[in-house]
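Residue strings, one per chain:
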Amino acid sequence: MSAVVFEGDYEFPLMVVRRDALEHNIATMAAFARDHGMELAPHAKTHLSKEIAQLQLAAGAWGLTVADTRQARAVRAFGARRIVVANQVVSPAGLDWAAAELAADPDFEFLSFADSVQGVDILAEHAGERPFRVLVEMGHAGGRAGCRTLEEFLRVAAHAAKTPGVEVAGVAGYEGGLPDAHHVRKYLDTLTEALGHLRVRNPILSVGGSQWFDVIGRELAAVQARILLRSGAYVTHDEGYYRERTPFNRIGGELRSALEVWAYVLSVPEPGLAIVGMGKRDAPYDEGLPVPRREGVTVLRMQDQHTLLRADGLAPGDLLSFGISHPCTAFDKWRMLPVVDEDYRVVGTISTDFH
Ligand SMILES: Cc1ncc(COP(=O)(O)O)c(C=O)c1O
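Residues numbered from 1 in each chain as written. Predicted model: local features only at pLDDT ≥ 70, side-chain atom pairs only at ≥ 80, totals over all residues. Heavy atoms only, no water.

### Description of the pattern of salt bridges
Taken as a whole and assessed by the stated rule, the structure comprises 15 salt bridges. In this structure, Arg144 and Glu137 form a salt bridge, with 3.0 Å as the shortest nitrogen-oxygen distance. With a shortest N-O distance of 2.8 Å, Arg256 and Glu254 are connected by a salt bridge. Several salt bridges share partner residues, and in doing so they unite Arg18, Asp20, Glu239, Glu260 and Arg293 into one network. (Salt bridge = Lys/Arg side-chain N within 4 Å of Asp/Glu carboxyl O.)

### Details of the UniProt feature "domain: D-serine dehydratase-like" (unreviewed entry) in the protein
UniProt records the feature "domain: D-serine dehydratase-like" (unreviewed entry) at residues 258-341, using the numbering of this structure. This span, residues 258-341, is 0% helix and 44% strand, and a straight line between its end C-alpha atoms measures 11 Å. (UniProt positions renumbered as here; feature names shortened; annotations may be inferred. Helix = DSSP H or I, 4+ residues; strand = E, 2+ residues; numbered from the N terminus.)

### Here's the deal with the site of the ligand
In the neighbourhood of the ligand, 13 residues make up the surrounding shell, with Lys45, Ser210, Gly232, Ala233 and Tyr242 lying closest. The backbone of Ala233 places a nitrogen or oxygen atom 2.9 Å from an oxygen atom of the ligand. Between Tyr242 and the ligand, the recorded distance is 2.7 Å, taken from a side-chain N or O atom to an oxygen atom. When isolated, the ligand has an accessible area of 390 Å², and the protein chains bury 91% of it. (Near = heavy atom within 4 Å. Polar contact = N/O pair within 3.5 Å; in protein donor to acceptor, adjacent residues only side chain to side chain. Areas by Shrake-Rupley, 256 points an atom, 1.4 Å probe, with all protein chains shown as cover.)

### Some thoughts on the nonpolar core
As a rule of thumb, soluble globular proteins bury nonpolar side chains together. Within the largest apolar cluster, 103 residues are counted, with the highest numbers of intra-cluster contacts made by Val75, Phe110, Phe153 and Leu309. The two domains that each donate at least three residues to this core are domain 1 (19-237) and domain 2 (254-351). Residues within four places of Leu309 in sequence aside, it is in contact with Gly272, Leu273, Ala274, Val276, Val297, Thr298, Val299, Leu300, Leu314, Leu320 and Phe322. Core analysis: the second largest hydrophobic core is formed by 11 residues, Trp62, Phe113, Ala172 and Leu228 among them. (Core = buried A, V, L, I, M, F, W, Y, C linked by side-chain atoms within 4.5 Å. Buried < 20%, exposed > 50% of the residue type's maximum accessible area, 1.4 Å probe, protein only. Domains from an automatic or database assignment. Contact = heavy atoms within 4.5 Å.)

### Brief notes about the pairing of strand S14 (residues 307-310)
Bridging between strand S11 (residues 273-276) and S14 involves 4 bridges; their strand directions are antiparallel. Counterpart to Val276 in the pairing with S14 is Thr307. Pairing of strand S13 (residues 298-302) with S14, which is carried by 4 bridges, proceeds in the antiparallel orientation. From the neighbouring strand, Thr298 faces S14, where its bridge partner is Arg310. (Pairing = 2+ DSSP bridges.)

Written out as structure tokens, the structure reads:
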């Protein structure tokens, strides 16, 4: 029988992956996409893990999304045959790699975003025999990259259409930074309008994080395009940022928190104050601090190797568990994470491939 994680040779702090939650989330999102006529290209920047990528692909994902060509190389090595780089790619080394992969494998599909004439020209400089297929990115004011007006979008799309070595495949956007469903709907209208201007056969419309896929599923149901959803954080979900924002707070169903960090109390230097051996190197802190699983414990602040808690009744050597907030800055802190069952028996390993 496999060992319980607390009884083996494991050092703490330790981040563990709950197998039941991970498998539930992968199956839930695969079903959601299927039921809404969408394809899933999960954002692999969340985990950059071979084991998780392969589970997502086995569950029917169309392909994988990444943030840059370094991550593209990683997921290609994991076995991805379709990759979306959800950014304009300007890295010569990355583009040369992509051109070589396209040349070597006629079944390999590589898509990237473009939001400028310069970006398109850089692609063209590095294109091989098979063109670089681009999703012209339409952004929104105050958001991330992407054209800000329809005129700009059309200028970039027209330039890409006439540039040898580049081919327009559709439209991309990202609604994750928008404040509410009303703004998301308006933004999706803008994307759909932009798509309507393209003369592309079997176009792709790619959107989607883990906050608004319910609105996306409803609004884009009738759009004549392959809808590629790029949700990433859903895969482990969390007990902070995404717990508050998941569409499953509005529709039937649920995601489950799959990541936990376990750490020892190292010191109780004052009444009501405990120092835990878990710091910013071990758990995310950018979109909310770790969430203690014990009543009456509050996280005051985190340092690189420590977390300061307000709590009574703790003693050095106590082992505490924390949920996390923001999966996308959790996995990069670990090279190997044990996968545990409901009794905390180690049933597998998740490896990651960040820098
Ligand atoms: C362009 C883009 N697409 C998709 C995602 C995935 O969103 P989420 O992490 O909410 O699943 C992100 C996340 O930052 C993103 O930047």
